[in-house]
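# Commentary on secondary and tertiary structure
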Amino acid sequence: VQLQASGGGSVQAGGSLRLSCAASGGTFRNFAMGWFRQAPGKEREFVAAIISWLGGYSTYYAASVKGRFTISRDNAKNTVALQMNSLKPEDTAVYYCAAGVGRIIASRADDYNYWGQGTLVTVSS
């Protein structure tokens, strides 16, 4: 399974960006998909995830992004997106998409099996 993230860039505080992650290989609809980020000098942290649940999908968000970010997936296109609104300077980080197989804890990075290369988001004040 390969993951290719895109959509990063530079934006002013209050602006928006949309990240996308394209997956190849495997059965995408069965993957739990997540976004994590890592700011300079900090550990990687959970941002959002979308996971199969009772025939549909449930979404999960870190408290710091809830209400501002939205995760979605398109199983026909094997993609997952992260719409980021009302961006803040503290959202500046490299953003990684990840795919997990089987039962996972949404926020637990070690549960994910595959990782993309990361895309840089810079938010200026």
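Starting afresh in each chain, residues are numbered from 1 along the sequence in its written order. The predicted nature of this model means local features are confined to residues of pLDDT at least 70 and side-chain atom pairs, given and counted, to a pLDDT of 80 or more, with totals for whole chains, interfaces and linings taken over all residues. Only hydrogens and water are removed before side-chain values are computed, so all heavy atoms of the structure are retained for them.

Before going further, it helps to spend a moment on the layout of surface pockets. A 1.4 Å probe that fits but cannot get out identifies a cavity on a 1 Å grid over protein atoms alone, an open set with protein on both sides within 12 Å along at least five of seven lines counts as a pocket, and a residue lines either if it has an atom within 4 Å of a point. Grid points are joined across faces, edges and corners, and a volume is the space filled by probe spheres set on the points. Taken as a whole, the largest pocket encloses approximately 190 Å³ of empty space. For the largest pocket, the full set of lining residues is Ile51, Ser52, Trp53, Tyr60, Gly102, Arg103, Ile104, Ile105 and Ala106. Three categories are distinguished: nonpolar for Ala, Val, Leu, Ile, Met, Phe, Trp, Tyr, Cys and Pro, charged for Asp, Glu, Lys and Arg, and polar for the others, with Gly belonging to the last. Here the residues of the lining of the largest pocket are counted per class, giving six nonpolar, two polar and one charged.

Being paired, for any two strands, means DSSP has found at least two bridges between them. Helix and strand assignments follow DSSP, with helices taken as H or I runs no shorter than four residues and strands as E runs no shorter than two, numbered in order from the N terminus. The strand order across the open sheet formed by four strands is β1-β3-β8-β7, and the pairing between neighbours is antiparallel. Edge positions in the sheet fall to β1 (2–6) and β7 (69–74), since each of these pairs with one other strand and no more. Averaged over all pairs of adjacent strands, the angle between strand axes in this sheet comes to 15°, irrespective of strand direction. The pairing of β1 with strand β3 (residues 17–24) spans five bridges and is antiparallel. Residue pairing across strands places Leu3 opposite Ala23, the latter belonging to β3. Helix axes are fitted only over the stretch in contact, all axes being lines through C-alpha atoms; the angle between N-to-C directions runs from 0 to 180 degrees.

What follows concerns the state of the cysteines. As used in these notes, a disulfide is a covalent bond between sulfur atoms, one from each of two cysteines. Pairs of cysteine sulfur atoms within 2.5 Å are what we label disulfides. As enumerated under the stated definition, the model contains one disulfide in all. Between the sulfur of Cys21 and that of Cys97 lies a disulfide, 2.1 Å long from S to S. One quick way to see it: the torsion about the S-S bond of Cys21 and Cys97 is about 55°, and its sign makes the bridge right-handed. Remark: Cys97 occurs in strand β9 (residues 93–100) and Cys21 occurs in strand β3; sequence separation between them is 76 residues. Throughout, exposure labels follow a simple rule: accessible area from a 1.4 Å probe, protein chains only, divided by the maximum for the residue type, with under 20% read as buried, over 50% as exposed, and the rest as partly exposed. Of the residues examined, Cys21 reaches a relative accessible area of 0% and is grouped as buried. Of the residues examined, Cys97 reaches a relative accessible area of 0% and is grouped as buried.

The next thing to look at is the nonpolar core. Membership of the largest hydrophobic core comes to 38 residues, with the highest contact counts inside it found for Met33, Trp35, Val47, Phe69, Leu82, Met84 and Tyr95. Of all the secondary structure elements, the ones that give two or more residues to this core are β1, β3, β4 (32–38), β5 (45–53), β7, β8 (79–84), β9 and β11 (119–124). Of all the elements, β5 adds the most residues to this core, at six residues. Among the buried residues, those of types Ala, Val, Leu, Ile, Met, Phe, Trp, Tyr and Cys that are joined through side-chain atoms within 4.5 Å form a nonpolar core.

Time to look at the side chain of Thr119. You can see Thr119 is positioned in strand β11. Polar contact criterion, stated in full: a pair of N or O atoms within 3.5 Å, where within protein one must be able to donate a hydrogen and the other to accept it, and residues adjacent in sequence count only if both atoms are side-chain atoms. Of the polar contacts made by the side chain of Thr119, one reaches the backbone nitrogen of Gly8; its length is 3.1 Å. Contact between two residues is taken to exist if any of their heavy atoms lie within 4.5 Å; hydrogens are not considered. In contact with Thr119, not counting residues within four places along its chain, are Ala5, Ser6, Gly7, Gly8, Leu19, Ala93, Val94 and Tyr95.

Its identity as a non-glycine residue notwithstanding, Asn78 has a phi of 55°, on the positive side. Along the polypeptide, Asn78 turns up in the loop between β7 and β8. One non-glycine residue with positive phi stands out, namely Ser86, at about 50°. Mapping Ser86 onto the fold places it in the loop between β8 and β9.

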